[in-house]
Amino acid sequence: MKKILAALLLVVSAFASAEIVTIPIPGAPGLNVTVGTGANALPLQNIRTNPNAVNITTWDDSYNNVPLGFNFPMYGQTFNNSWAATNGFVAFRDPATTGLYGGCCSGVNLSSNPGSAYNYTIYGLHTDLYSWNGANQYYLRGTNEMTYGWYNTHEYYNNNLSSFEVDINSAGAFNVRLGSAFVSTGHPVTSGFTGDLSRGQYFQYYYGNGFNIPTSR
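All of these numbers come straight from a predicted model, not from anything done at the bench. (Residues numbered from 1 in each chain as written. Predicted model: local features only at pLDDT ≥ 70, side-chain atom pairs only at ≥ 80, totals over all residues. Heavy atoms only, no water.)

Colleague: Kindly report on the overall build of the chain, identifying the contributing residues and their values.
Modeller: Secondary structure assignment for the chain yields two helices and 15 strands. Counting every position in the chain, which comprises 217 residues, the buried fraction comes to 53%. In the chain, 62% of the contacts between residues at least 6 apart in sequence involve partners at least 24 apart. Entry remark: accessible area of the chain is about 9000 Å², with carbon and sulfur atoms responsible for 49%. (Helix = DSSP H or I, 4+ residues; strand = E, 2+ residues; numbered from the N terminus. Buried < 20%, exposed > 50% of the residue type's maximum accessible area, 1.4 Å probe, protein only. Contact = heavy atoms within 4.5 Å. Areas by Shrake-Rupley, 256 points an atom, 1.4 Å probe, with all protein chains shown as cover.)

Colleague: Go over unusual backbone geometry, please, and point to the residues and values.
Modeller: Residue cysteine 105 is bonded to the preceding cysteine 104 through a cis peptide linkage, with omega at 0°. You can see cysteine 105 is positioned in the loop between helix H2 (95–98) and strand S9 (121–126). The residue asparagine 46 is not glycine, and still its phi comes out positive at about 50°. In this structure, asparagine 46 sits in the loop between strand S2 (32–36) and strand S3 (54–56). Although it is not a glycine, tyrosine 157 adopts a positive phi angle of roughly 80°. Secondary-structure assignment places tyrosine 157 in the loop between strand S12 (145–155) and strand S13 (161–169).

Colleague: Hey, could you go over the environment of asparagine 109 for me, with residue numbers and the actual values?
Modeller: The topology assignment puts asparagine 109 in the loop between H2 and S9. Those residues in contact with asparagine 109, other than ones at most four positions away along the chain, are Pro114, Thr190, Gln204 and Tyr207. Here the side chain of asparagine 109 touches serine 111 through a polar contact of 2.6 Å, side chain to side chain. (Polar contact = N/O pair within 3.5 Å; in protein donor to acceptor, adjacent residues only side chain to side chain.)

Colleague: Give me the lowdown on the pairing of strand S11 (residues 137–141), citing residues and values where you can.
Modeller: Of all the five residues making up S11, four are buried; the element is thus mostly covered by neighbouring parts of the structure. In the sheet, S3 pairs with S11 via three bridges, with the strands oriented antiparallel. Paired with asparagine 55 across the strands is tyrosine 138, a residue of S11. Pairing geometry for S11 and S12, over five bridges, is antiparallel. (Pairing = 2+ DSSP bridges.)

Colleague: Give me the packing of aromatic side chains: which residues, what numbers.
Modeller: Enumeration over the complete set of coordinates arrives at 14 aromatic pairs. For the ring pair tyrosine 75 and phenylalanine 193, a centre distance of 6.4 Å and an interplane angle of 40° mean the geometry is tilted. Of this pair, tyrosine 75 sits in the loop between strand S5 (72–74) and strand S6 (77–79) while phenylalanine 193 sits in strand S14 (residues 174–194), and the two are 118 residues apart along the sequence. Taking 6.5 Å as the distance between ring centres and 35° as the angle between the ring planes, the aromatic pair formed by tyrosine 118 and tyrosine 123 counts as tilted. (Phe/Tyr/Trp six-rings, centres within 6.5 Å; stacked < 30°, edge-to-face > 60°.)

Colleague: I'd like to hear about the nonpolar core, residue by residue, with values.
Modeller: In terms of nonpolar packing, the biggest core is built from 37 residues, with Met74, Phe92, Ile122, Tyr148, Ile168 and Phe193 touching the most fellow members. Contributing elements (two or more residues each) for this core: S2, S5, S9, S12, S13, S14 and strand S15 (202–213). Tallying contributions element by element places S14 first for this core, with seven residues. When near neighbours in sequence (up to four residues on either side) are disregarded, isoleucine 168 contacts Leu68, Phe70, Phe72, Phe92, Ile122, Asn144, Glu145, Met146, Tyr148, Ala173 and Phe174. One finds Ala91, Leu110, Tyr118 and Tyr123 within the second-largest nonpolar core, a separate group that totals 11 residues. (Core = buried A, V, L, I, M, F, W, Y, C linked by side-chain atoms within 4.5 Å.)

Below, the structure written as structure tokens:
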């Protein structure tokens, strides 16, 4: 359990500062998450340029099943399946079964324990997004790794654009890379991840109305 969770990694690109901060993970005593900003953040992999990447064609407030092809350990559970949502998150339990569905139509405050539907999910940039003509969302499967990408994804009802990625591997490590984000104050945004919320297992990098990282890397 501890060896798995010690590998958890969240790296976020923000341009107001450049630093690396280590923060305790709630619900996992003695374990930490690393947040890197500015020059210390990981750049986007931009998987959409890879010929092996799969373009997810979907519709508003929807999600697609993406089998992993390997086992992904997270908070003491093991998953071999995932669901990538238009609204900026990756769930490891079927959203139709949990009741999360497409996560319409905004992020939620994970610290308020919004319910079990939000468990075992990585929230790259959960808000009200849509994939214009199905051309903005991709995944790239490796032998022991999966990368999910959202590129120039529109905020619903306006032309604000965001680009970000979620990357996971069979060792239980994962990262979130925010290359750019522009979400108006009319839409709440969540960035973080959860295990079992009833046990306090979550990390919330950001929750608020709107989000702005003006420069893409």
